[in-house]
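Understanding the architecture of this molecule
As a plain string of letters, each chain reads:
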Amino acid sequence: MSDDVLARHDATALAALIRDGELTPTEVTEATIARIEALDGDVNAVIHPAFERGMAEAASPDLADGPFRGVPMLMKDLWPSTAGEPLHLGNKALAAAGYVHPTDADLTVRYREAGFVMVGRTNTPELGLVATTEPESHGPSRNPWDLARSPGGSSGGAAAAVAAGMVPAANASDGGGSIRIPAAHCGLVGLKPSRGRVPMGPMQEEWSVSVQHVVCHTVRDCAGILDATARPFPGDGVIAPPPSRPFAAEVGADAGRLRIGLLPVSPRDDTTTDDECAGAARDAASLLERLGHDVVEAHPAALDRTEELGDAFMTNWFSNCRKNLSWIESVLGRELVEDDVEPATWIMAQMALGVSGQDYMAAQSAMAGFRREMLQWWADGFDLLLTPTMAALPAELGDLVATEDDPTRALRHSAPYAAFTSPFNVTGQPGISLPLARSASGLPIGVQLVAAYAREDLLLRVAAQLEAEVRWADVRAPMHP
């Protein structure tokens, strides 16, 4: 089998070929490494290759006989650590120190149990704080659809690697849109699972707005990998209700006739929605109607007041930034200075120093109130909310980067990319970005569906319906083999 054919297989298909004896884990891993070496010079997605170790894992008799045995996996270089491999979080000081983490994260353990072979770690912005992947520590990742543009953030390296054809799926995380935004930028499927669905320990479980999963090409990979990882560990603080059956069984299952609300433009006064992004959502609404669903322009009233929620969210965001810098100080054994981090990160951490315990608890209370008000809309009879994934098309590299003269530029300019995604990090609901459209210039445009808490099953059923109609995985980025 030629590598061009092999590169088009999703993780589910590769696992089946290995199970059937048509390929070995070593052959698949070797081909993957060759593609990364050939493609990554243009993309800069894989910042910590682990090729020798990956080949050893693939050849080992101890490779777990899980559902994805022998399929290569890339880890995002944020919180899910890989024992004996770098963990830099996009930070200059950790990179300069060459920090290596001693243990596997809980999610990494689940990937190993599933049989995945770890071949490296992918680029991320510093601490995952902005909607582009251009850290000073490792340089910018580039969008395989247009190398002059960003692949999004914070899972931009992961999405760029998958869109370029290096691996079929890659680990990603989402604290404000960081799975869904890069998926939309790079023409991929990106599911943000419900809070507590995928284990977050031991280093990130207190950061309640963030979740882990993957970016990939197909809905069946999204579902199958969720099945492989959605099992809690002892001591997990939040555990989502278990599904009634495997998520993979939802792919192709009858979705019934659903009531779907459409929100084509951001209700925020400070965010203008690009016409092509809004048009993609409206076209998706028309397609869903043809598939037998009821779609009306409607949305939770709480979304009209998300600017009021902004202070609470940013209090949480800044406080987490300061906590993360404290962790870096603990592993480096010294205090950080301004030159150890990027300008925007330093500003956010300084802002956190003015947050009192009472301020922080008030922010948690405000977010809890928002969650309850939002979820009532689903309880009152809507099944899904349909929106654009982003209010803007993929940015050109450099547009979302902070400077010393304008250190908050990255955060401000990231706002249109998180306008439709971040509210559901607050609520903990599952949301999925699907690559249903392309711009006049050929860039991918994502459309988001959001379900009630713990209803990934509905998202996967409807996503599979749309996939059967649009067949987005048939069209790959220009540089994809």
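Only a predicted model underlies this, so the values are computations on that prediction, with no experimental measurement involved.

Now for the overall build of the protein. Across its full length, the protein carries 16 helices and 13 strands. Compactness check: the protein gives a C-alpha radius of gyration of 21 Å against a globular reference of 23 Å for 481 residues, within 12% of the reference. Here the protein holds 481 residues, and the buried ones make up 62% of them. Within the protein, contacts between residues separated by at least 24 positions form 78% of all contacts whose residues are at least 6 apart in sequence.

With respect to the helices and strands, the residue D236 is situated in the loop between α9 (219-229) and β9 (259-262). Here D236 occupies a buried position and makes no salt bridge, while the nearest side chain of opposite charge, R110, is found at 6.6 Å. In this structure the side chain of D236 is engaged in a polar contact, spanning 2.9 Å, whose partner is the backbone nitrogen of F233. Discounting residues that sit within four places of it in the chain, D236 has contacts with D106, P199 and E205.

Note on pairing: side chains with opposite charge can pair once their charged atoms come close. Inspection of every chain in the model, using the stated rule, returns 23 salt bridges. A salt bridge links E57 to R112, with the shortest nitrogen-to-oxygen separation between them at 3.0 Å. One end of the pair, E57, is in helix α4 (residues 51-59); the other, R112, is in helix α6 (residues 106-114), with 55 residues separating them in the sequence. A network of salt bridges, in which partner residues are shared, links R53, E57, E85, D104 and R112.

Our focus in this paragraph is the pairing of strand β11 (residues 384-388). The element β11 is largely enclosed, with a buried count of five among its five residues. Note that β9 and β11 share three bridges and pair parallel. Of the residues in β11, the one forming a bridge with L262 is L386. Across five bridges, the pairing between β11 and strand β13 (residues 444-451) is antiparallel. Within the sheet, the bridge partner assigned to L386 lies in β13 and is L449.

Another point: helix α7 (residues 156-164). Within α7, nine of the nine residues are buried, which leaves it mostly tucked inside the rest of the structure. Taken together, the buried positions of α7 are occupied by G156, G157, A158, A159, A160, A161, V162, A163 and A164. Structurally, α7 contributes buried residues whose contacts are with α3 (25-43), β2 (72-76), β5 (117-122), β6 (169-174), α8 (180-186) and β8 (211-216). In the segment just after α7, G165 is the residue with positive phi, at about 95°.

Conventions adopted
Every chain is numbered on its own, with residues counted from 1 as its sequence reads. The model is predicted, so local features are restricted to residues of pLDDT at least 70 and side-chain atom pairs to those at 80 or more, both for listing and for counting; the totals for chains, interfaces and linings are taken over all residues. Values shown for side chains rest on all heavy atoms present in the structure; no hydrogens or waters enter the calculation. Counting from the N terminus, the helices are the DSSP runs of H or I reaching at least four residues and the strands are the DSSP runs of E reaching at least two. Only the C-alpha atoms count toward the radius of gyration. The rule for a globule is 2.2 Å times the residue count to the power 0.38. For every residue, the accessible area obtained with a 1.4 Å probe (protein chains only) is divided by the maximum for its type, and the residue is called buried under 20%, exposed over 50%, and partly exposed between those limits. Only heavy atoms enter the contact rule, under which two residues are in contact if any of them lie within 4.5 Å. Residues scored as charged are limited to Lys and Arg (positive) and Asp and Glu (negative), so that His and the chain ends carry no count. Counted as salt bridges are all cases of a side-chain nitrogen of Lys or Arg within 4 Å of a carboxyl oxygen of Asp or Glu. Throughout this description, a polar contact denotes any pair of N or O atoms lying within 3.5 Å of each other; where both atoms belong to protein, one of them has to be capable of donating a hydrogen while the other can accept it, and for residues adjacent in sequence the pair is counted only when both atoms sit in side chains. We call two strands paired when DSSP finds no fewer than two bridges between them.

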